[in-house]
Amino acid sequence: MRLTALLLSSALASPALAADPAAVLDTYADIAEAAYGDSLTTAQALQAAVAALVAAPSDATLQAARAAWVAARVPYQQTEVFRFGNPIVDDWEGRVNAWPLDEGLIDYVAAGTATNEENPQAGLNVIAHPTFTLSGRQIDATVLTPALIAKTLHEADGIEANVASGYHAIEFLLWGQDLNGTGPGAGARPHTDFLQGADCTGGSCDRRATYLVAATDLLVADLDYMAGQWAEGGAARAAVAADPEAGLMAILTGMGSLSYGEQAGERMKLGLMLNDPEEEHDCFSDNTHMSHFYDGLGIRNVYLGAYNRVDGSVVAGPSLSNLVAASDAGVDAQLRTELDASVGALQAIVTAAEGGMAYDQMLAPGNATGEALILAAVDALVTQTRSIERAVTALGLSKLKFEGSDSLDNPNAVFQ
Amino acid sequence: MPRPPVLLALMAALALAAPARADYPEAIRDVILPGYAAFAEAAAALDTAAQASCEAQALEPAFHTAFDAWMAVAPLRIGPAEEDGRALAILFWPDPKGLGAKAQAALLAGEPAALTPEGLAQASVAARGLLGLERLLWPAEPLPADPCPLVRATAADLARMAADLRDGWQGDTGFAQAMLSAGTEGNAEFLSGPEVRQAIFTLIHAGLEQIADQQLGRPLGSFDKPRPELAQARASGRSLSNVVLELQGLRALTESLTPDAPLTLAAFDHALGLAEALADPVFAGVATPGGRLKVEILQQAVRALRDTAAVELARELDVDLGFNAADGD
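Since this is a predicted model, take the numbers as computed values, not measurements.

Draft legend 1. Summary view of the overall build of chain A. Looking only at helices and strands, chain A has 16 helices and 4 strands in total. With the C-alpha coordinates of chain A rotated into their principal frame, the extents come out at 75 × 45 × 45 Å. Looking at chain A as a whole, 58% of its 416 residues are labelled buried. The contacts of chain A with a sequence gap of at least 6 include a subset with a gap of at least 24, amounting to 72%.

Spelled out as structure tokens, the structure:
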């Protein structure tokens, strides 16, 4: 029997961690506070742009609202690395960034597209139906409020594809369905979908405008809550500071889970293997390349302990990289190289998209260039995950212990 | 200096007295490689049967044999299974957006001549594989076109992937060799033997989690809203037997990896006993309070098994849990 002290490890006694985990965790929380804070201010700018669109629908106000949405994604995607390791974030995230969605729940869609054998509400169209039945219950949705969206519509019937709130619901209302398949072009909702009176297109323009405003208000409120959790005295900041070993593991768990299972797997490889243009993260706006890039950047941010704020200032401090280097310089050097490589591979996708090959076009069957670009990023993300595991080992930490379970809280119980 | 004969004899005696060796080379040799070979053979037989006849009745036995063989290796989401989307294409599940049915309908509506194995290899993973075949052999509604060309192309595509998988593990550049040569110069995949143990341990843990959360969890749904229609491979009546086969495969893998995990093996046997005693092949019982309880008890047993394995195997193998493909949301 190979005996080990794994579960009983006291990592904090090792010289590597003498480099002060508390300071590293301060940097981590500072980056979270800044990135969620930036997400909040850019969402407030979106809120203002939506108000202007609704007040005076025109192509110009619609474009301005879309630009505000795109800008709001830059800081938000860099916060995704705080998922998976922090329960406060995980319990909340589905409200703001759930994806993929059966958008026919919210508004009109092209004929034949609102079908999902697993979701009876895939074609509900709340905007066109002030009242409807849900799980046998009569729902009064005559007044579209943030509360109705959050409590009744979102994940209606317990079905995850019923996404009624967050960035992607707003994205759908600003862009509409992208009906170009894997060909060029994004969603093309006309501004007239928000015109009140006889010029309204798409029907129920008043309810569409109300829904958009309510969903944006809800996003702002949700981001405000999360920024507060990471501020001085906030619960998320306190949680990572409370147990430095668990806090460091939260950083690494977020990095590894986002790199591998979520980003490389669920979001990139799966979409490629499905050849499905709907399987891109920002499928209405064709902004997927940017979302993926900033996700990758966020992973590197928390390792290097530095974040560039939207106002150009930098939040930086003692980093996890410093800690790993003190324990195993080789692992640190390799992981830094690999993080640079994944950011580079994601940048190559951005460059190609800005050069005219949108992410959904990369997913087209037979597009060897697109496939190679996506697979290169997938490979880079998978590769860095192995080094993240090595960093866990180098610091004497335990993912198993961090994930916890009843038996792990009392390992001896299992051996009695 | 040559070793004295006495010492050699002593070493030989010690070797004989020691318990059967078990570690990752044994897991690869005794479980993983034979598992993939069996799946390749079964998929080839299914292909042969489909080329002879595409009647559901004629294909049923070969379909089940191939599906059985896949479940034994399904949790091995590593190496060749992760390349070219093979694991995704062989068993695309769950499918919460119903993409498989949509993509397959498009293929059925298209030119039959386009339904070559080569063409299908380029198609969406959701339309292919075992559940693609299941939809054609046990259609929920009458099919809009003669399914025969698509049945044949799907079976051929499956056989090709199964052969590629088997081959991808074998030979000097195969994945087995990458594991066996862990820690040697030039092996960037596995820097040490413990990394291989960690990788296999992580697969066992993730496999158990997926059984509890997905294969049992999806049909269980919530107490107010059970979802029996979401059970895996419901149309072919395999939901429960898939769980049994996967547990058996994971048990064999565990046993080959270490002989010294009595609590984990006992927990496997407990969960397998419950599963085998459950007379509910597609978990239809989740819709009734009594039937639901039985599936929940099985789910709890699999979770307890996962936790036992987590503690005992981590200690025994001296590794931590790694990241797995299902870590996302």
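Next, the rest of the story.
Draft legend 2. Expanded view of the side chain of B:Glu134. Relative to the elements of secondary structure, B:Glu134 occurs in helix 7 (residues 129-137). Setting aside its immediate chain neighbours within four residues, B:Glu134 contacts B:Phe63, B:Pro139, B:Ala233, B:Arg234, B:Ala235 and B:Ser236.

Draft legend 3. Representation of the pattern of salt bridges within the structure. Summed over all chains, the structure comprises 42 salt bridges over all chains. Between A:Asp193 and A:Arg189 there is a salt bridge; the shortest N-O distance is 2.8 Å. Note on accessibility: A:Asp193 and A:Arg189 belong to one class, buried. Across the pair B:Asp157 and B:Arg160 runs a salt bridge whose closest N-O atoms are separated by 2.8 Å. Of this pair, B:Asp157 and B:Arg160 both sit in helix 8 (residues 148-169), separated by 3 residues, roughly a single helical turn. One salt-bridge network, held together by shared partners, links A:Glu80, A:Arg83, A:Glu93, A:Glu262, A:Arg267 and A:Asp295.

Draft legend 4. Region of interest: the interface of chain B and chain A. Taken together, the contacts link 54 residues of chain B with 54 residues of chain A. For the pair chain B and chain A, the summed buried surface comes to about 4,500 Å²; carbon and sulfur atoms form 53% of the total. A per-residue breakdown of the area chain B buries against chain A is headed by B:Lys97, B:Arg315 and B:Phe323, which together make up 20% of the total. Counting every contact that joins chain B to chain A gives 6 salt bridges. In this structure, the salt-bridge partner of B:Asp327 is A:Lys399, at a minimum N-O distance of 4.0 Å. Viewed at the interface, chain A and chain B are joined by 13 residue pairs in polar contact (both at pLDDT 80 or more). Secondary-structure elements contributing two or more residues to the side of chain B that touches chain A are helix 5 (99-109), helix 10 (193-220) and helix 13 (289-317) of chain B. Per element, the largest residue contribution to the side of chain B that touches chain A is 9 residues, and it comes from helix 13 of chain B.

Draft legend 5. Geometry of the environment of B:Gly119. Residues and elements named next belong to chain B. On the secondary structure map, glycine 119 appears in helix 6 (residues 117-121). The class of glycine 119 is partly exposed, set by a relative accessible area of 32%. Sequence-wise, glycine 119 and aspartate 157 are 38 residues apart; in three dimensions their C-alpha atoms are separated by 9.3 Å.

Draft legend 6. Geometry of the packing of aromatic side chains. All names here are of chain A. Scanning the model with the defined rule gives 15 aromatic pairs over all chains in all. Relative to tryptophan 92, the ring of tyrosine 36 has its centre 5.8 Å away and its plane inclined at 85°; by these criteria the two rings are edge-to-face. Within this pair, whereas tyrosine 36 is found in helix 1 (residues 21-55), its partner tryptophan 92 is found in helix 3 (residues 87-97), the two being separated by 56 residues in sequence. Exposure class is identical for tyrosine 36 and tryptophan 92. Each is buried.

What counts, and at which threshold
- Residues numbered from 1 in each chain as written.
- Chains lettered and ligands numbered in written order.
- Predicted model: local features only at pLDDT ≥ 70, side-chain atom pairs only at ≥ 80, totals over all residues.
- Heavy atoms only, no water.
- Helix = DSSP H or I, 4+ residues; strand = E, 2+ residues; numbered from the N terminus.
- Buried < 20%, exposed > 50% of the residue type's maximum accessible area, 1.4 Å probe, protein only.
- Contact = heavy atoms within 4.5 Å.
- Salt bridge = Lys/Arg side-chain N within 4 Å of Asp/Glu carboxyl O.
- Buried area = accessible area lost by both parts, 1.4 Å probe.
- Polar contact = N/O pair within 3.5 Å; in protein donor to acceptor, adjacent residues only side chain to side chain.
- Phe/Tyr/Trp six-rings, centres within 6.5 Å; stacked < 30°, edge-to-face > 60°.

These figures capture arrangement, not role.
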